[in-house]
Amino acid sequence: MRTKTLFVLLILVFLTACNRSGNQQAGIQAENGEAIVLLPQINDSEPVVRMLENKLIVEHNLSGGFNNRQAEVSVAVNRNDPANAVAAMMNTSAGSTNGNLLVATTKDAGDTWLTQIISSAASGPLTADPMLAFDGEGRVFLVYLPVVNGNTPLSVDLQRSLDGGITWEAPVRLSSARGQDDKVAIAADDQPDSPYFGNVYVAWKWPGGPVWISRSTDHGQTFSAPLQIDGRGVSGLDLTVAKDGTVIVAYNAGSLPESSRGIYTQRSVNGGQTFEFSRKAGATNTRFEVFPIAHCNNPGAFINASIDADRSNHEDTQNVFLTWVDYESSQCVTPCSSDCPTRVYYSVSNDLGLNWSAVQTLPFAGGSQFFQWSDIDQATGDWHVAYKDTSADPAQRSTRTLMVQSSDHGESWSVPIEMSSGSGVANGWPGHYQGMAAQAGTVYAGWSDYRSNNRGDFYVGTLREALVINKDMSGPWFNTQQSGHGWTLEVLDGLNPESPDRLGAYWYVFSNGKPVWMYALGPITGQTAQLQTFISANGQFPPDTNGADLISWGTTSFNFESDSQASMVWESDLEEFGSGSIDIRKLASITASSNACRSGVYIAPGQLGHGVTVEIVQTNDGDLALIAWTTHIEGEQIWLSGRGTFTNDTINAQVTTFAGAQFPPNFNSDDVVAVPWGGLMMQFTSPDTAVISWQPVDERFMSGSLNLVRLTKLKGYVCD
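Each value, and the rule that gives it
- Residues numbered from 1 in each chain as written.
- Predicted model: local features only at pLDDT ≥ 70, side-chain atom pairs only at ≥ 80, totals over all residues.
- Heavy atoms only, no water.
- Helix = DSSP H or I, 4+ residues; strand = E, 2+ residues; numbered from the N terminus.
- Buried < 20%, exposed > 50% of the residue type's maximum accessible area, 1.4 Å probe, protein only.
- Polar contact = N/O pair within 3.5 Å; in protein donor to acceptor, adjacent residues only side chain to side chain.
- Contact = heavy atoms within 4.5 Å.
- Pairing = 2+ DSSP bridges.
- Axes fitted to C-alpha atoms, helices over the stretch in contact; angles between N-to-C directions.
- Phe/Tyr/Trp six-rings, centres within 6.5 Å; stacked < 30°, edge-to-face > 60°.

Participant: Could you give an account of the side chain of S175, with specific residues and numbers?
Facilitator: Note on placement: S175 falls in strand β11 (residues 172–175). Judged by its relative accessible area of 10%, S175 is buried. Of note is the side chain of S175, whose polar atom sits 2.8 Å from the side chain of D181. With near-sequence residues (within four places) excluded, S175 lies in contact with S155, V156, D181 and W204.

This is how it looks when you write it as structure tokens:
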């Protein structure tokens with residue numbers, strides 16, 4: 001009879017629960033699971049992917065072909081979903097001030113980004129100083145300055161997104177002090193135990209002072225009238241909200257006399273209604289900007305404060321972390337020279353900003369560091385700082401983006417990690433700051449990059465734990481669009497403690513209408529495995545097994561995107577198979593019960609050319625046995641597959657043969673013919689032995705039985 005049903009889909013009818021974790025498809029999805037098609041994907045270039053020990057760095061150029069000056073990046077991550085992050089960058093045309101914001105959103109931890117233009121109604125031709133924040137319920141807020149020609153700010157505007165940065169509501173205006181409003185900062189109270197949970201705070205300043213702040217108590221729909229909290233001329237604003245709801249604003253008070261100028265903070269302990277007097281966290285060696293060789297123009301690199309409170313579940317919940325950039329020495333005589341390097345400085349408060357530790361510098365290897373930004377991973381409590389660095393260039397003009405991490409509140413730091421895979425030299429004004437955010441071990445950094453456009457491109461890099469092929473990848477796999485063939489994958493321990501784990505794969509498929517099967521084995525490297533692949537011929541079915549010929553078929557490689565999604569690429573030495581690729585998905589998971597250890601490949605000693613693969617998988621109704629027998633009949637390959645009960649160490653299964661289809665890409669599900677073959681019983685007599693008996697209905701075969709021994713043991717599923 002003809003069927004569209006994959007041999008493993010015959011099993012699927014009986015599976016009421018399969019493991020389908022991971023992304024359901026590449027790209028951005030709405031919360032209802034539908035693919036987003038309303039917004040354009042603007043030239044999300046092929047990412048640069050690098051492995052760094054057990055870390056993966058995925059780097060995108062999101063400029064979308066704009067030959068404009070890209071500068072000033074903000075990044076925010078959803079603490080409830082670390083795979084959801086948003087980055088925004090100012091996009092100014094070359095030679096003028098025209099431009100809008102580029103806003104990029106990921107929902108798959110930086111694998112893909114949706115980039116769109118945000119052009120605010122009632123804004124000027126330039127939209128500047130973007131800053132982002134998520135609240136504790138997944139809303140994301142974007143605040144910015146609409147500007148007219150001549151760099152005259154029009155106002156402070158805010159837009160919010162309720163779907164993680166995919167769509168944006170109309171702007172809300174917080175201030176309209178034309179020509180005055182400048183450098184915004186934003187934070188949201190994302191702590192459910194805070195008395196001010198859900199409040200959103202926006203701060204900004206006027207060039208000669210004062211500093212203003214406005215708050216929203218209705219999730220960003222409306223904001224209070226601006227409240228003046230400091231009268232001095234400042235730069236480099238930032239703010240944060242602590243676990244108990246304390247709001248802390250940080251800025252560089254560069255207008256003060258030399259003996260007093262420095263980085264200051266102010267607190268509010270009543271939800272932003274009033275603010276305490278300012279406290280000095282650290283002195284600075286200059287006023288508002290520094291001039292490293294790589295940023296030797298007017299204005300220079302602003303001294304931006306970056307502040308974040310530890311809201312993790314660690315005991316030290318009153319820790320607040322503060323970074324800024326400054327000259328290495330107050331004796332800088334010749335800015336824009338190697339005599340005046342710049343460094344990243346930091347200070348820590350363990351009492352919510354009342355007192356601050358002695359000022360220290362991040363570790364450095366020469367050159368200059370500037371454009372720093374920092375963030376606390378609220379899941380782990382780790383402190384991350386990203387910055388521009390010129391140490392790799394003897395001339396100190398070419399910059400890279402580096403990131404360091406501290407897990408002990410700044411007592412020690414990791415070796416710098418290169419978030420950028422290249423470096424370049426800026427031509428003209430490269431902006432005032434860059435951004436980064438971290439959550440649950442995933443770190444996002446955004447920067448203006450000059451390697452291919454010396455006016456700057458919009459880059460975002462994601463650092464996360466690298467996916468490693470593990471025991472959860474073992475089991476049955478199939479392609480959702482090609483019902484009729486499939487794979488058994490086995491993750492196996494290395495041959496010795498020093499050797500890598502191995503991946504074994506059986507591919508049950510067709511060629512010229514006949515069933516064929518291949519077996520592959522090879523070492524695992526991270527999330528990939530390249531396998532030597534073999535095919536057999538001239539074998540016979542038991543009891544006439546005479547030892548089949550083993551023929552090199554070629555290579556197959558697997559690249560896993562998650563525990564349940566992978567891509568397979570093959571290159572066959574045999575002309576009838578050729579080369580190609582296909583996406584595959586895990587059909588079911590190996591059971592979590594003790595029965596899992598029965599999974600593996602079993603063979604009859606001395607009878608080469610056939611074997612039985614057993615997988616005990618998990619369903620809502622208990623354990624289910626999948627069984628596949630790869631063997632021969634009259635010299636040609638055949639595979640038998642089926643499913644059955646697993647009771648008292650015994651499998652009872654009905655199995656089926658398949659034929660009629662072609663090898664991919666000419667495979668057509670309609671061509672598959674399924675024919676009942678008969679019954680199998682497999683009884684396990686010890687952890688590594690079994691007896692199989694069969695009663696076929698296919699007249700080409702005779703009933704019989706064999707003693708089997710285990711050939712493979714799945715990693716992580718060994719019998720006691």
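Participant: Can you explain the sheet that holds strand β2 (residues 55–61)? Please cite residues and give values.
Facilitator: Taken together, the five strands give an open sheet; going across it, the order is β1-β2-β32-β31-β30, and neighbouring strands pair in antiparallel fashion. The open sheet has two edge strands with one neighbour each: β1 (48–52) and β30 (435–439). Taking the axes of each pair of neighbouring strands and ignoring which way they run, one obtains an average angle of 15° across the sheet. Across seven bridges, strand β31 (residues 442–449) lies against strand β32 (residues 457–465) in antiparallel orientation. The residue bridging S448 from the neighbouring strand is F458, located in β32.

Participant: Which residues make up the sheet that holds strand β33 (residues 475–478), and what are the values?
Facilitator: Taken in spatial order, the eight strands of this closed barrel run β33-β34-β35-β36-β37-β38-β39-β40, and their pairing is antiparallel. Sheet twist, expressed as the average angle between the axes of neighbouring strands with direction ignored, equals 30°.

Participant: Hey, could you go over the packing of aromatic side chains for me, with residue numbers and the actual values?
Facilitator: Counted under the stated rule, the structure contains 35 aromatic pairs. The interplanar angle of 15° and the centroid separation of 6.5 Å between the aromatic rings of W324 and Y345 together place this pair among those described as stacked. Residue W324 is found in strand β23 (residues 320–327), and its partner Y345 is found in strand β24 (residues 342–349); the two are separated by 21 residues along the sequence. An angle of 55° between the planes, with centres 5.6 Å apart, marks the rings of F510 and W639 as tilted. Pair noted here: F510 is in strand β35 (residues 502–511) and W639 is in strand β44 (residues 636–647), with a separation of 129 residues, a long-range link. Residue W639 is classed as buried on the basis of its relative accessible area, which comes to 0%.

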